[in-house]
Protein chains: 2
Amino acid sequence: MLQLSQRIPHLQASPIREILAVIERPGMISFAGGLPSPDSFPQLRTDNIPERMLQYGASEGEPELRAQICRDMQSIGLDCTPGQVLILSGSQQGIDLCAKLFVDHNTPIALENPTYLAALQVFRFFGARFVELDPMLPEVALSQKPPIPFCYVIPTFQNPTGRCYTSTMREHLAEACMQRGTVLFEDDPYRDLVYEPCERRPICSYLRSGNWIYQGSFSKSFAPGLRLGFLVCSEALVPYLTRLKQAADLHSNRLSQYLVLQQLQDPQREQRMEQLRMNYLQKRDYFAASLQQTLAPYAEWEVPAGGLFFWLKLKTNTDTQALLARAIDHGVAFMPGEPFFYSRHDEHSYIRLNFSHANETAISAGLTTLGELLSQTSTRT
Amino acid sequence: MLQLSQRIPHLQASPIREILAVIERPGMISFAGGLPSPDSFPQLRTDNIPERMLQYGASEGEPELRAQICRDMQSIGLDCTPGQVLILSGSQQGIDLCAKLFVDHNTPIALENPTYLAALQVFRFFGARFVELDPMLPEVALSQKPPIPFCYVIPTFQNPTGRCYTSTMREHLAEACMQRGTVLFEDDPYRDLVYEPCERRPICSYLRSGNWIYQGSFSKSFAPGLRLGFLVCSEALVPYLTRLKQAADLHSNRLSQYLVLQQLQDPQREQRMEQLRMNYLQKRDYFAASLQQTLAPYAEWEVPAGGLFFWLKLKTNTDTQALLARAIDHGVAFMPGEPFFYSRHDEHSYIRLNFSHANETAISAGLTTLGELLSQTSTRT
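Thresholds, definitions, all that
Residues numbered from 1 in each chain as written. Chains lettered and ligands numbered in written order. Predicted model: local features only at pLDDT ≥ 70, side-chain atom pairs only at ≥ 80, totals over all residues. Heavy atoms only, no water. Contact = heavy atoms within 4.5 Å. Buried area = accessible area lost by both parts, 1.4 Å probe. Salt bridge = Lys/Arg side-chain N within 4 Å of Asp/Glu carboxyl O. Polar contact = N/O pair within 3.5 Å; in protein donor to acceptor, adjacent residues only side chain to side chain. Helix = DSSP H or I, 4+ residues; strand = E, 2+ residues; numbered from the N terminus. Nonpolar A, V, L, I, M, F, W, Y, C, P; charged D, E, K, R; others polar. Patch = residues over 30% accessible without salt bridge, like charges linked within 9 Å, V, L, I, M, F, W, Y side chains within 5 Å. Areas by Shrake-Rupley, 256 points an atom, 1.4 Å probe, with all protein chains shown as cover. Core = buried A, V, L, I, M, F, W, Y, C linked by side-chain atoms within 4.5 Å. Buried < 20%, exposed > 50% of the residue type's maximum accessible area, 1.4 Å probe, protein only. Pairing = 2+ DSSP bridges. Axes fitted to C-alpha atoms, helices over the stretch in contact; angles between N-to-C directions. Expected span 1.5 Å × (residues − 1). Least-squares fit on C-alpha atoms with pLDDT ≥ 70 in both. Parallel < 35°, antiparallel > 145°, perpendicular 65-115°, else oblique. Left-handed = near helix turned anticlockwise from the far one by under 90°. Phe/Tyr/Trp six-rings, centres within 6.5 Å; stacked < 30°, edge-to-face > 60°. Lys NZ or Arg CZ within 6 Å of the ring centre and 35° of its normal.

A. Structural context of the interface of chain B and chain A. Taken residue by residue, the interface counts 78 residues in chain B and 78 residues in chain A. Surface buried jointly by chain B and chain A totals about 6400 Å² across both partners, of which 57% is contributed by carbon and sulfur atoms. Counting across the interface, chain B meets chain A through four salt bridges. A salt bridge links B:R7 to A:D104, with the nearest nitrogen and oxygen atoms 3.7 Å apart. Counting the contacts that link chain B with chain A gives 32 residue pairs in polar contact (both at pLDDT 80 or more). Residue assignment for the side of chain B that touches chain A shows that the elements contributing at least two residues are helix 1 (15-23), helix 3 (91-102), helix 4 (117-125), helix 7 (238-249) and helix 8 (254-264) of chain B. Residue classes in the side of chain B that touches chain A are distributed as 40 nonpolar, 24 polar and 14 charged.

This is the structure we're talking about:
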């Protein structure tokens, strides 16, 4: 008798959220989520919180925080005003708002394959049809008929692959969007976690016309538990996204907005970020060395220039869900690669390993376990 | 060229949010929002915040908070388990999740007329068709063909009318929902703000079959800036709402969850709530006396037994939007009644006045100004 929306058959659980529920078990070594290292969290400055932060606030966010983010965006090349900045309850919310803005049943969206699975979850739910965007040849996807209203990309330390677009790739995508009138939705949660020199200028900053949404997160550089992110968008989109934000949760948590603003205006900010990058670089290198010792016979990978993940292509076709089940039994969690793909055109198996959360002892032990399990794993039939 | 969703033409700004942006001006006397009194906010206990609150958390919410809310719900007659409790980023989010779960283009929803305007905003956006629910005769609306998948009600100190359902009305609505298989969505943000004895038992607790969602808020009894609410639902709805929550923002702010749990488990909790009720009762009575002195020639009202609002029926047909513009020029804000109605069948004009936010001096001054403006207002042509 329950009459649910026609969207509901497209509502899938997020595999990563399901796994996160499991890894809360004590002693579990997790390479699964994109969890920051617990020792990366800054000291919260909870003294002197202004009382007005407890009252209802503006849907767009705190004016001081919007102005600070605007200055930060200008410093990375994105021309904008504070009025174009919208504070989000985490950048996942930006995906929900954009899906509401653009996606009806059967609306085509161009995106990388593989890509962030919780974005796939939201776009699917609203009925999107996916068109593969090859970042080397973006005009192929964007010249399709009927026209594609928007494309979603993670150009900098992509999730799950870790890939970072070159400046040429950025230019090409921007040109293709301008030519076709495609709205560019650039998701950029990892940009601050950079370990090697590489191009990180927002693709949105290459646009000379058209509409765009650039999205950032404070979950990776500050603290995910505070659930705070932001988007900046072309002026034409501001009123729509503001109203969608109103309707979604009135406004974002003001205490989090206050705490994040303190961090952004801390004189030690750059020093803290540099420290974070150094810690993660060291972890990345430790992880790479451990991988070489344990998984080289079973997989191939590139060492990522930024972000939080190694993306492994397994040498034999493997049932990674079954592997995960066995790994969890042995106290280790990782992300199977398959849910990141919305369509498959090779028979390889992939796994995504996070290197930021576990400590060095756990990394060695966990990768050793994974190696043992892979050595016992037969090719999938 | 911008290709937006077919939903977007139904996306309206929330009038209350627009007014809230104006009333941030210094010196403005606001009777507009449902803003708690600033002196009602508890002292935050921000020392000893566990570090894990900064990490990603469970989509469903913190287990301890869910367990505490479950105990609280049982104490008011709602039979449930902690697994049926979902923590929300404010109760507005629950409306968004339920709209996603139930509402397609042209889906009929039964609701009170007038009702909470930000609920109307969300339901309209998803394409709902509204069917008027008369709380005295709920079976009339719910027996319509095609069947109505869900009804949305605020039975306790309704927004905007302040009305509280009797136990007979509660029984009738529950019976009608059970007979017709209509899902009951009971929004209950004001229940703790009670000033006179009246029936407040959740209607969901009268149901012996069928599906239901009961929603509560910490914005009125604790602090809206923390953006925390919750819902409890029948077991069949748990997996859907959990996944919708995942997709919307991964999970709610953990710091807020921690701070609210501290308050709920504070030995002084009942004493603080009693103090809050006493303060608001005193304000309500002061407001009622001031109203009598200033607006009696122009309007009729009942003194509400709970909640935050007086609902005034103006004696002459008045353009309340024009009145609001003039009032704002004179430093006073209120809510015109019209946006709370989704269809009109009388020619009366209404205004909603909040009594919790302004102090006594401001109440007297603001109502005097409103009285003067109404004395100069001619009947709308």
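B. Broad picture of the environment of A:L370. Considering the arrangement of structural elements, one finds A:L370 in helix 11 (residues 360-376). Distance from A:L370 to A:F334, taken between C-alpha atoms, is 9.4 Å for residues 36 residues apart in sequence.

C. Expanded view of a nonpolar patch on the surface. Where nonpolar side chains cluster on the molecular surface, the patch consists of A:M136, A:L137 and A:V140 and spans about 290 Å² of accessible area. Here A:V140 is to be found in helix 5 (residues 138-142).

D. Inspection of the nonpolar core at higher detail. Grouped together as the largest cluster of nonpolar side chains are 186 residues, with contacts concentrated most on A:F123, A:L353, B:F123 and B:L353. Ignoring any residue separated from it by four or fewer positions in sequence, one finds B:L353 in contact with B:F31, B:F287, B:L291, B:L295, B:L308, B:F309, B:F310, B:L312, B:F334, B:L367 and B:L370. Formed by 98 residues, the second largest nonpolar core is a distinct cluster that contains A:F41, A:F218, B:V131 and B:I148.

E. Quick peek at the pattern of salt bridges. All names here are of chain B. Summed over all chains, the structure comprises 24 salt bridges over all chains. The closest approach of N and O atoms between R269 and D72, which form a salt bridge, is 2.8 Å. With R269 in helix 9 (residues 269-294) and D72 in helix 2 (residues 63-75), the pair connects residues that are 197 residues apart, well separated along the chain. Classification of D72 by relative accessible area gives buried; the value is 16%. Among the ionic pairs, E175 bridges to R208, the shortest N-O distance being 3.3 Å. On the criterion of sequence distance, the pair formed by E175 in helix 6 (residues 167-180) and R208 in the loop between strand 6 (183-187) and strand 7 (212-217) is long-range, its members being 33 residues apart.

F. How the structure looks around the sheet that holds strand 4 (residues 129-132) of chain A. All names here are of chain A. The strand order across the open sheet formed by seven strands is 2-8-7-6-5-3-4, and the pairing between neighbours is mixed. Of all the strands in the sheet, the pair left with one neighbour each is strand 2 (85-88) and strand 4. Averaged over neighbouring strand pairs, the angle between their axes works out to 25° when direction is ignored. In this structure, strand 3 (residues 108-111) lies alongside strand 5 (residues 150-153), joined through three bridges in parallel fashion. Note that in strand 5 the partner of A110 across the bridge is C151.

G. Seen up close, helix 11 of chain A. Residue and element names in this part refer to chain A. Between the first and last C-alpha of helix 11 there are 25 Å, a value that for 17 residues agrees with the 24 Å anticipated at 1.5 Å per step. What helix 11 keeps buried is the set A362, I363, G366, L367, T369, L370, G371, L373 and L374. Of the surrounding secondary structure, the elements contacted by the buried residues of helix 11 are strand 1 (29-30), helix 9 (269-294), strand 10 (309-314), helix 10 (320-329), strand 11 (332-333) and strand 13 (349-354).

H. How the structure looks around the relation of the copies chain B and chain A. When chain B is brought onto chain A, the operation consists of a screw motion whose angular component is 180° and whose axial shift is 0.0 Å, with 0.0 Å RMSD remaining. A rotation of that kind, with that shift, is consistent with a two-fold axis. Identified as the residue of chain B closest to the rotation axis by C-alpha distance is B:T46, at 3.1 Å.

I. Inspection of the packing of helix 9 of chain A against helix 11 of chain A at higher detail. Residues and elements named next belong to chain A. Interaxial distance between helix 9 and helix 11 falls to 9 Å at its minimum, and their mutual angle equals 30°. Compared by their axis directions, helix 9 and helix 11 come out roughly parallel. Crossing handedness for the pair helix 9 and helix 11: right-handed. Seen from helix 9, the contacting residues are Q282, Y286, F287, S290, L291 and T294; seen from helix 11, they are E360, I363, S364, L367, T368 and G371. Of the residues in the contact of helix 9 with helix 11, the class split is five nonpolar, six polar and one charged.

J. Structural detail: helix 4 (residues 117-125) of chain A. Residues and elements named next belong to chain A. Counting buried positions over the nine residues of helix 4 gives eight, a clear majority of the element. Residues L117, A118, A119, L120, Q121, V122, F123 and F125 constitute the buried set of helix 4. Once helix 4 finishes, G127 follows within two positions and takes phi at roughly 100°, a positive value.

K. The arrangement of the packing of aromatic side chains in detail. What the rule picks out here adds up to 36 aromatic pairs over all chains. For the pair A:F287 and A:F355, a centre-to-centre distance of 6.4 Å together with 55° between the ring planes defines the contact as tilted. Residue A:F287 is located in helix 9, and its partner A:F355 is located in the loop between strand 13 and helix 11; the two are separated by 68 residues in the primary sequence. In terms of burial, A:F287 and A:F355 fall into one category: buried. Summarising the aromatic geometry, the rings of A:W311 and A:F341 are spaced 6.0 Å apart at their centres and angled 40° between planes, so their arrangement reads as tilted. Linking A:W311 in strand 10 with A:F341 in the loop between strand 12 (335-336) and strand 13, this pair joins segments that are 30 residues apart in sequence. Comparing A:W311 with A:F341 shows no difference in burial state: the two are buried. The ring centre of B:Y206 lies 4.1 Å from the NZ or CZ of B:R201, which sits over that ring. Across from the ring centre of B:F309, 3.7 Å away, lies the NZ or CZ of B:R352, which sits over that ring.

L. Broad picture of the environment of A:A128. Residues and elements named next belong to chain A. Checked against the element boundaries, A128 lands in the loop between helix 4 and strand 4. For A128, a relative accessible area of 14% gives the class buried. Distance in space between the C-alpha atoms of A128 and G331 is 37 Å, their sequence separation being 203 residues.

M. Structural context of the pairing of strand 2 (residues 85-88) of chain B. Residue and element names in this part refer to chain B. Along strand 2, one buried face is formed by V85 and I87 and the opposite face, lined by L86 and L88, is buried too. Across four bridges, strand 2 lies against strand 8 (residues 229-233) in antiparallel orientation. From the neighbouring strand, I87 faces strand 8, where its bridge partner is F230.

N. Fine view of the side chain of A:R191. All names here are of chain A. Relative to the assigned elements, R191 resides in the loop between strand 6 (183-187) and strand 7 (212-217). A relative accessible area of 11% means that R191 is categorised as buried. Discounting chain neighbours no more than four positions away, the residues touching R191 are I76, T156, F157, R200, P202 and Y214.

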